[in-house]
Amino acid sequence: MTYVKGASRKSTKSELSDYILQLESSTMKLSLASLALLAASASAFTTSPAGRASTRLAVAPGETKASEKVVQAFADKPEEDPEFDALVKSNFPGAINNRDLATRVVELLEEKGFDPSNTLLATSLCADELARVLEDEFVSIYGNNFNLGGLSGFPFAGNTGWGAMSAHVPDNGFCLTIHGPHVGITKEGQIGKVERSGIALVDNCCGSAIAASNYLKGITDGSANINPRIQQFTDFQQGAVQELILPFGKRLARADERMRELPYALYDSQEVMVTDIVNTGKASIKQGLAVLGGIQINTAPDQLDYFHPLRFDYYDADGNLVENMLPYLR
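Scoring rules and cut-offs
Residues numbered from 1 in each chain as written. Predicted model: local features only at pLDDT ≥ 70, side-chain atom pairs only at ≥ 80, totals over all residues. Heavy atoms only, no water. Helix = DSSP H or I, 4+ residues; strand = E, 2+ residues; numbered from the N terminus. Buried < 20%, exposed > 50% of the residue type's maximum accessible area, 1.4 Å probe, protein only. Contact = heavy atoms within 4.5 Å. Areas by Shrake-Rupley, 256 points an atom, 1.4 Å probe, with all protein chains shown as cover. Axes fitted to C-alpha atoms, helices over the stretch in contact; angles between N-to-C directions. Parallel < 35°, antiparallel > 145°, perpendicular 65-115°, else oblique. Left-handed = near helix turned anticlockwise from the far one by under 90°. Core = buried A, V, L, I, M, F, W, Y, C linked by side-chain atoms within 4.5 Å. Arc of directions from axis to C-beta. pLDDT = per-residue confidence, 0-100. Polar contact = N/O pair within 3.5 Å; in protein donor to acceptor, adjacent residues only side chain to side chain. Disulfide = S-S within 2.5 Å. Pairing = 2+ DSSP bridges.

Undergrad: Looking at this structure, I do not really get the overall build of the chain. What am I missing?
TA: Along the backbone of the chain there are 11 helices and 10 strands. Within the chain, the fraction of its 330 residues that count as buried is 49%. At a minimum sequence separation of 6, the contacts of the chain that also span at least 24 residues come to 72%. If you sum the accessible surface of the chain, you get close to 15,300 Å²; carbon and sulfur atoms cover 53% of it.

The following block contains the structure:
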């Protein structure tokens, strides 16, 4: 099943929005003590405009342009393998390798004024070390990264994390936010698995997503019950992933290839959260904000990773969406 935008997706996203509201009002209520703790944590990130220290990055004049840093970032990366490239794109139509992604993203953002001296990178990607590949490539271009994500790529830092991040954007600067789940594909084309460096076994990817999918399958098949202790704090993020994927049970059950459809279902779930967080805090970004969303596709160590871009929006200093740049990535 390929990813198709349409009425069914809007319906699913609407159901998910209603579901999240129900969670917020019932199963995800915190105790008064927890709320007090969260309030104290949030206050720690509150900044006052008066006397706030400059966040301008200390960059020497004549620093290498972002487009030149792309070349440096991929200098030691493998070249594109045409046969494997065709295999990836046959399973994920619309995917491009990370070198092409970074090249196109940087070129578009340079036209907006983004450069390494004035841009803060923020990511909401999975905790898996394979998700660091894309992150590290963009860090090598723009510098430090503010991590908003957790298991499966959900933005678990939430509004508080976004508020802290936006306060760290350089004066008169920009933010590039990259978000999305990830999925593995082996050299033979098996989806949901990937070769990892130093490990003989071909391993699951994404493990969190697959665990949530198996939990959901048990419920839809009638062989398991909803876990009443899903919210326990010792595994809170995985419990949240399992709850947030519940509205996609029928979609995954009907998919021709469940592992191929899984990251797209996760993306749609995450997009609801990301959109809410961005809409709440976008006006706090100083000069401009670019939001790149999609599916990370992890591959063997001797292959380029891939990314299927599904969103690339640019917001101005007032938080207005002024351009959909997604067509320029395809």
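Undergrad: Can you help me understand the packing of helix H3 (residues 66–73) against helix H5 (residues 98–112) in this one?
TA: Helix packing for two helices is described by the angle between their axes and how far apart those axes are. H5 packs onto H3 with a crossing angle of 165° between their chain directions and a minimal axis gap of 9 Å. Judged on the interaxial angle alone, H5 and H3 are roughly antiparallel. Regarding H3 and H5, the two cross each other, and that crossing is right-handed. Residues Ala 66, Ser 67 and Val 70 of H3 form the contact with H5, whose participating residues are Ala 102, Thr 103, Val 106 and Glu 110.

Undergrad: Could you clarify how one ought to interpret the nonpolar core in this entry?
TA: The nonpolar side chains of a soluble globular protein tend to be buried, and buried together. The biggest cluster of nonpolar side chains holds 32 residues, and the ones touching the most others in it are Val 88, Phe 92, Ile 245, Leu 262 and Ile 297. Elements represented by at least two residues in this core include exactly helix H4 (82–91), helix H8 (207–220), helix H9 (236–244), helix H11 (258–281), strand S8 (288–298) and strand S9 (306–316). The contacts of Val 88, once residues within four sequence positions are left out, are Ala 95, Ile 185, Ile 297 and Tyr 306. Core analysis: the second largest hydrophobic core is formed by 29 residues, Val 106, Leu 121, Phe 138 and Met 325 among them.

Undergrad: Would you take a moment to explain H4 for this structure?
TA: It helps to recall that an α-helix has 3.6 residues per turn; residues three or four apart then point in one direction. Within H4, the full set of buried residues consists of Phe 84, Asp 85, Val 88 and Asn 91. An end-on view of H4 places all buried positions within 135° of arc, on one side of the element. The exposed residues of H4 that point more than 90 degrees off its buried face are Pro 82, Glu 83 and Ser 90.

Undergrad: Just checking my understanding: could you explain the confidence of the model for the chain for this structure?
TA: Interpretation of this model should avoid reading the predicted coordinates in detail wherever pLDDT is low. Mean pLDDT over the chain stands at 84; residues scoring 70 or higher make up 78%. Counting interchain partners and residues more than four positions distant, the pLDDT-below-50 stretch residues 1–8 has 15 contacts. Ignoring residues within four places in sequence, the model shows residues 26–61, a span with pLDDT below 50, making 34 contacts including any to other chains.

Undergrad: Would you mind showing me how to read unusual backbone geometry here?
TA: Trans peptide bonds make up most of the peptide bonds, and negative phi angles are found at most residues other than glycine. Cis geometry is found at the peptide bond from Cys 205 to Cys 206, where omega equals 10°. Examined against the element boundaries, Cys 206 turns out to sit in the loop between strand S7 (203–204) and H8. Non-glycine residue Ser 152 carries a positive phi angle of around 65°. Relative to the helices and strands, Ser 152 resides in the loop between strand S3 (145–147) and helix H7 (158–167).

Undergrad: It is not clear to me how the environment of Val 133 should be interpreted in this structure. Could you clarify?
TA: With respect to the helices and strands, the residue Val 133 is situated in helix H6 (residues 132–142). With 163 residues separating them along the chain, Val 133 and Gln 296 place their C-alpha atoms 9.6 Å apart.

Undergrad: I'm lost on the environment of His 182 in this one. Help?
TA: Take His 182: it is sitting in strand S5 (residues 182–184). Considered as a pair, His 182 and Leu 130 are 52 residues apart in the sequence and their alpha carbons are 8.7 Å apart. Apart from the residues within four sequence positions on either side, His 182 is in contact with Cys 126, Asp 128, Cys 205, Cys 206, Gln 296 and Asn 298. Within the structure, the side chain of His 182 is placed 2.6 Å from the side chain of Asn 298, a separation counted as a polar contact.

Undergrad: Can you help me understand the state of the cysteines in this one?
TA: Working definition of a disulfide: a covalent bond connecting the sulfur atoms of two cysteines. Counted under the stated rule, the structure contains zero disulfides. Here Cys 206 stays unpaired: no disulfide links it, and the sulfur of Cys 126, its closest cysteine neighbor, is 3.9 Å away. The class for Cys 206 is buried, based on a relative accessible area of 4%.

Undergrad: Just to check I follow, could you spell out H3 for this structure?
TA: Among the residues of H3, those classed as buried are Ala 66, Lys 69, Val 70 and Ala 73. Summarising the axial view, the buried residues of H3 lie within an arc of 110°, below the 170-degree limit, and thus occupy one face. Residues Val 71 and Gln 72 are exposed on H3 and point more than 90 degrees away from its buried face. In this fold, the buried residues of H3 make contact with H5 and H6.

Undergrad: What exactly am I supposed to notice about the pairing of S8 here?
TA: In the case of a regular strand, side chains alternate between the two sheet surfaces. In terms of residue burial, S8 counts as a mostly covered element, since 11 of its 11 residues are buried. Where strand S4 (residues 174–179) lies against S8, six bridges are found, and the strand directions are parallel. Residue pairing for S8: Cys 175 is matched across the bridge by Leu 289. Direction of pairing for S5 relative to S8: parallel, over a ladder of three bridges. Paired with Gly 184 across the bridge in S8 is Asn 298. Bridge count for S8 against S9 is 10 bridges, and the pairing is antiparallel. From the neighbouring strand, Gly 294 faces S9, where its bridge partner is Pro 309.

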